[in-house]
Amino acid sequence: MISRQKIAEVLAGYDPRKLTVATIGSHSALQIFHGAKQEGLRTLNICTQERRATYESFPWAKADTFLIVEDFKDILREETQAQLIEENSIVVPHGSFVEYVTAKAILEKFAVPMFGNRESLNWETDRNRQRAWLESAGLRMPKEYKTPSDQRVFVKLPGAKGGHGFFTASNEEEFHRKISEKVNGGEIKPEDAQNVAIQEFVVGVRYYLHFFASPLLKLGLPVRGSALELLSMDKRIEPIDESYRGLPDVPAHFFDYTVTGNEPVIVRESLLPEVLRMGARTVERSMELFPPGMIGPFSLETIFSPGKGFTVFEISARIVAGTNLYPMGSPYSAYLYKEPMSTGRRIAREISLGSERGQLDRIVF
Ligand code: AMP
């Protein structure tokens, strides 16, 4: 694990007037660069040649510098890290960054300062640790079963990304039949068939809550010396959401939970106290589990049922792609900021504040 001490040494060599917000050209990069430019920070896109044209096609989100790599994993190479440090880079981790480079490699080999507490990536990428974190924070999670049950279950494939290949089963026979189909179809390796996660199928409406935990700006809800801002919410769009279009005989391909996009959403105002309580408990618990705890953007992925309340089925301990809906702010950020405030801009604001106050080491790890 790259120590805080090591990062503090690198940061000490940075020119605070030339800080650069850097990230990989994928996921929420446009929003991150757009926000950094709004805050007057320099920007650097770690990009592959094929994607370059895309990231040059949006002038207000186009990075000042492109660092072209053959493969995103190349950011671990010594010369690439040296180049990033040369540019006074603060790297913003996003979903694709964690997916392509892996949390383990980032924590062990990536010595470039990153925005937020690195340890949080360790907690989000391991299902068991996620559960330990959220349950001990008092949040309700879907029940987990060792074997298929007679309840309707939701089955998650190991290593699957964005809901791909997930399925539901109403009994043991259906579970085994669907697993066999997936093994025979090459969708899962036979050895992985033993490692699927079998969860309670949670009924209700999905809300993906986008929070920002700030140790520097006392806006939003106070949480033990930090403050929690609810910046926005989204709902993911998955083929299953449109299955009604195939009625009455819904073709099998509609039963697909792969995330393909996002749409904006808000909750009834009477649900906001619970939304904020869940966010605050998550931050409080993180302070105990991996001090100084969650810093910056994170998302609770929830399903709300009028009978059971909120169930949290996942946490992302970094910016989520659903925030891309709000480059000019959201129905919630409007009550926190007078100017349009996206999550990307909020990250840049925190970096600027940290730099102005000589407190970058509180938010960059
Ligand atoms: P995930 O990869 O965990 O974010 O899940 C992908 C999608 O599967 C979610 O957006 C939900 O639509 C659905 N999902 C995940 N877990 C459950 C669950 N326990 N019950 C019902 N739906 C779920």
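Relevant structure appears above.
Right, let's walk through the structure included here. (Residues numbered from 1 in each chain as written. Predicted model: local features only at pLDDT ≥ 70, side-chain atom pairs only at ≥ 80, totals over all residues. Heavy atoms only, no water.)

## Re the pairing of strand S13 (residues 296-305)
For a regular strand, side chains alternate in direction, first toward one face of the sheet and then toward the other.
Turning to step 1, where the next piece is worked out: The buried count for S13 comes to 10 of 10 residues, which makes it a mostly enclosed element.
Turning to step 2, where the next piece is worked out: For strand S9 (residues 205-214) and S13, the ladder comprises nine bridges, and the chain directions are antiparallel. Looking at S13, one finds that Val205 is bridged to Phe304.
Turning to step 3, where the next piece is worked out: Direction of pairing for S13 relative to strand S14 (residues 309-316): antiparallel, over a ladder of seven bridges. Note on S14: the bridge partner recorded for Ser299 is Ser316.
Turning to step 4, where the next piece is worked out: Counting the residues that bridge the hairpin from S13 to S14 gives three residues. (Buried < 20%, exposed > 50% of the residue type's maximum accessible area, 1.4 Å probe, protein only. Helix = DSSP H or I, 4+ residues; strand = E, 2+ residues; numbered from the N terminus. Pairing = 2+ DSSP bridges.)

## Quick notes on the site of the ligand
Turning to step 1, where the next piece is worked out: The environment of the ligand is formed by 17 residues, the closest being Gln199, Val202, Tyr208, Glu238 and Glu314.
Turning to step 2, where the next piece is worked out: At 2.9 Å, a backbone N or O of Val202 approaches a nitrogen atom of the ligand.
Turning to step 3, where the next piece is worked out: Residue Glu301 places a side-chain N or O atom 3.4 Å away from an oxygen atom belonging to the ligand.
Turning to step 4, where the next piece is worked out: Expressed as a share of its isolated accessible area of 480 Å², the protein-covered part of the ligand is 96%.
Turning to step 5, where the next piece is worked out: Elements with a contribution of two residues or more to the shell around the ligand: strand S6 (153-156), strand S8 (197-200), S9, S13 and S14.
Turning to step 6, where the next piece is worked out: Grouping the constituent residues of the shell around the ligand by class yields eight nonpolar, two polar and seven charged.
Turning to step 7, where the next piece is worked out: Residue assignment places the shell around the ligand across two domains, with domain 2 (127-140 + 203-335) and domain 3 (144-200) each supplying three or more. (Near = heavy atom within 4 Å. Polar contact = N/O pair within 3.5 Å; in protein donor to acceptor, adjacent residues only side chain to side chain. Areas by Shrake-Rupley, 256 points an atom, 1.4 Å probe, with all protein chains shown as cover. Nonpolar A, V, L, I, M, F, W, Y, C, P; charged D, E, K, R; others polar. Domains from an automatic or database assignment.)

## So, the environment of Leu44
Turning to step 1, where the next piece is worked out: If you trace the backbone, Leu44 turns up in strand S2 (residues 42-47).
Turning to step 2, where the next piece is worked out: Classification of Leu44 as buried rests on a relative accessible area of 1%.
Turning to step 3, where the next piece is worked out: The contact partners of Leu44, leaving out residues within four places of it in the chain, are Thr20, Val21, Ala22, Thr23, Phe33, Ala63, Thr65, Leu67, Leu84, Glu87 and Ser89. (Contact = heavy atoms within 4.5 Å.)

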